[in-house]
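Now for the letters of each chain:
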Amino acid sequence: MTDPEPDPPPPAYVQVALNLPLRREFTYAVPAGVVVRPGNRVRVNFHGRATGGVVVAVAATTDLPPARVKPVESVLDDESTMPQPLLELARRMAATYGCSLGEALDAMLPSVAKRRGQRLLPHVELAAPRDLAAQAVLELEDKHQERSRVLRTVLEFGAPMPILDLRRRTNTSDSPWQTLCKHGVLRKVMLAEELEELVPAPEEAAFRHQLNEHQQKAVDAVAGVVRAGAHRTFLLHGVTGSGKTEVYLRILEAVRALGRSAIVLVPEISLTPQTVGRFASRFPDVAVLHSGLTDAERGRQWQRLLQGKAKVAVGARSALFAPVQDLGLIVVDEEHESSFKQDSTPRYHAREMAIQRGEIEKAVVVLGSATPTLESIGKAKRGVYELLTLPQRAGAGRLPKIVVQDLRAEPKEARRAGVVLSRTLLVMMEERLKARDQVLLFLNRRGFAPVLLCPSCGEAVKCEHCSVSMTWHARQGRLVCHWCCHEKRRPEKCATCQHAPMHELGVGTERLEAAVKERFPEAIVARMDADTMAERGAHERVLGAFRKKHIDVLIGTQMIAKGLDFPDVTLVGVVSADTGLFVPDYRAAERTFQLLHQVAGRAGRGEKAGTVVIQTFCPDNYAVQAAANNDYASFVQQELQFRKVTGYPPFARLLRVLAEARQEREAQDLLQAAVKPLRDLPDVEVLGPAPAVIARVKEQWRWHMLVKAFTPASFAAAMAAVGTVEDLATRTCRVTLDVDPSSLM
């Protein structure tokens, strides 16, 4: 009889990934008696500073001299907060998007999980009466603009505001709120983590409907693969109102019947309450994760998922990293949405990472959209994805009648002032409001007027820190830069030629709201955009009031354009279809078509017939025509021809390299050097280096270059030739690598 083998010695060393732009992990020693596993968060000393990291590997030995290896200072988690599949996903994300493993892991953890055990979070609240605080906003706006902005934001929030959220919304440091606290206007408070469970509103419940033939076929196809325990990606292409959510719910029933978990991703925070309500009404174990939650709320939901108390995670992009156990299904609703692309490091795309996670965990992935991206529909036609179609609306809903209104036919006076509402749209609104139906008006531009222009010399008021015009916000009485948040008072006369007064050019949602209230004084009008939704819980309140018909006309930006289902909306007005059509971006036509198609889908979702009025100066544009005819196929065919000729996705993969520096020449020189190894690569085309479309932001000059790779091998070669951020960046020049960029601005 042989002696049993002795237990292996406990790991003496760990590899730790730090949240730094360094493509390597670091070795640390494990102190005696300390238990560390892959996935634990630890605190270590890095160049004299205590910093957090994630253990990604353990070992009994190391090649380094033991005397040079620093010890782990502390373990921040008693149990693993990062399941093994997420560690593998982080590795793939780092390799795909050119970031470090530590940066990828950091993106997966909510901030509360990074500070585990901390039950109190810093907030600021008003210490002075509201009327005195409002007066202080006005008094501070000239000499101390950042303090004024911070104080106004806290006022609008209407509750104690997390300091991290305050800094993010106002683009400021800690200094302004700390000064306001010293002067007794604000005070810092530490509030306990909120532990309330999710209770869906009854009006958001999803009642079980009889499936039509196409819905049933889609459910059976996906549920069969779920039961087989295999990974496959499905593209669910369904017209607006075709009942995609009911299909998701039925598939989820099959997943939960097997005891497996699911993740449902939605693109907009405004869709989350409605979507969460629908799922929570059928499944009691739903957790919600999105940026509108406080850190404490998000941490609470994270812990429920980690402990297995919740089995279904619903939320925006970051919900993809929910630590669910035994994942069986990932749904990406409105897969075409650009908000699934992260705009800071790591610049991942949630749709692509969802497919990667599904592959790692043998889960089924369902991508749903009425207007799939050209990349997704192309993969479906090539058999990479399995295509499922829902060609008709569910229940009594019918596709709306679409009217294209040529604004060139409007009176000259109206065109000069900026057409807000055409005569056709006004007549239709009057009819609908008399019938007590509801109206949606869509305009993807907030503020009152996007440009304040001198009618004499043509000079526009521009931001002092960015190369963009400032937007006039009448309610605030301020000019605001939508890139750096800088504000200033409206000038009484032109700074260049001294002409007075300045002319308001163009239309924003605030101006549209004023025009509707003036024309229909009896109607109850509400506005949904980033300005009016600043107060906590505002999304839920406005949408709830609209559902109960307490609002007649709802005006909004793209947050009202998709996913919302209101049966009494019989008229949708697209105030300007041209807003995004001529943006210097190869996706401009595709995004315009998708937005028009989605917003048109808000009409006629109940028994009442719906009408859509699309106002445009370019009625013959192919994107506008295809949207007016509900003709997705013809748009795809036309757009693919343009993409093939110009060499853009899906016929190539893109890599954008952006350099930002205080001195323009420094950014230019850096890219001129970085482009040299790319010039001779086969199947690679480089555009630039050149100034970015927005050439200056926050006093940083911006240059960029765009790399097109026409084969997988050439893309890998281009990534290797470009190198890494730490290879390129200097102390005074910041470099961003953006793989598959969603914006070229």
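Keep in mind that this is a model prediction, so the values were computed, not measured.

**Quick word on the overall build of the protein chain**
Here comes step 1: Counting its secondary structure elements, the protein chain contains 23 helices and 30 strands.
Here comes step 2: Counting only contacts in the protein chain whose residues sit at least 6 apart along the sequence, the fraction spanning at least 24 positions is 74%.

**Considerations on the sheet that holds strand β3 (residues 41-46)**
Here comes step 1: Strand order in this open sheet of 5 strands is β2-β1-β4-β3-β5, and the pairing throughout is antiparallel. On the outer flanks of this sheet lie β2 (26-29) and β5 (74-75), each paired with one strand and no other.
Here comes step 2: The sheet contact formed by β3 and strand β4 (residues 49-59) spans 6 bridges and is antiparallel. The residue bridging V42 from the neighbouring strand is G53, located in β4.
Here comes step 3: Together, β1 (13-18) and β4 form the strand contacts of helix α2 (residues 101-108), whose direction differs from that of β1 by roughly 75°.

**Comments concerning the pairing of strand β23 (residues 525-528)**
Here comes step 1: Alternating positions in β23 separate into two faces, V525 and R527 on one and A526 and M528 on the other, with burial throughout.
Here comes step 2: Of the pairings in the sheet, the one linking β23 to strand β24 (residues 553-556) comprises 4 bridges and is parallel in character. Note that in β24 the partner of V525 across the bridge is V553.

**Side note on the pattern of salt bridges**
Here comes step 1: Counted under the stated rule, the structure contains 36 salt bridges.
Here comes step 2: When salt bridges that share partners are traced, they join E375, R587, E590, E639 and R643 into one network.

**Observations regarding the environment of P129**
Here comes step 1: Mapped onto the elements of the fold, P129 is located in the loop between β6 (120-126) and α4 (130-140).
Here comes step 2: When the C-alpha atoms of P129 and V185 are compared, they prove to be 8.5 Å apart, with 56 residues separating the residues in sequence.

**Considering the nonpolar core**
Here comes step 1: L105, L655 and V657 are the most contacted members of the largest nonpolar core, which has 112 residues in total.
Here comes step 2: The element contributing the most residues to this core is helix α1 (residues 84-97), with 7 residues.
Here comes step 3: Not counting residues up to four positions away in its chain, the partners in contact with V657 are L671, W703, H704, M705, V722, L728, V735, T736 and L737.
Here comes step 4: Counting residues in each nonpolar core, the second largest holds 28 residues, with L211, L236, I251 and A280 among its members.

**Considerations on the side chain of T471**
Here comes step 1: Considering the arrangement of structural elements, one finds T471 in strand β19 (residues 471-473).
Here comes step 2: What makes T471 buried here is its relative accessible area of 7%.
Here comes step 3: Aside from chain neighbours lying at most four places away, what touches T471 is R446, G447, A449, P450, R478, L479, V480 and H482.

Reading guide: rules and limits
- Residues numbered from 1 in each chain as written.
- Predicted model: local features only at pLDDT ≥ 70, side-chain atom pairs only at ≥ 80, totals over all residues.
- Heavy atoms only, no water.
- Helix = DSSP H or I, 4+ residues; strand = E, 2+ residues; numbered from the N terminus.
- Contact = heavy atoms within 4.5 Å.
- Pairing = 2+ DSSP bridges.
- Axes fitted to C-alpha atoms, helices over the stretch in contact; angles between N-to-C directions.
- Buried < 20%, exposed > 50% of the residue type's maximum accessible area, 1.4 Å probe, protein only.
- Salt bridge = Lys/Arg side-chain N within 4 Å of Asp/Glu carboxyl O.
- Core = buried A, V, L, I, M, F, W, Y, C linked by side-chain atoms within 4.5 Å.

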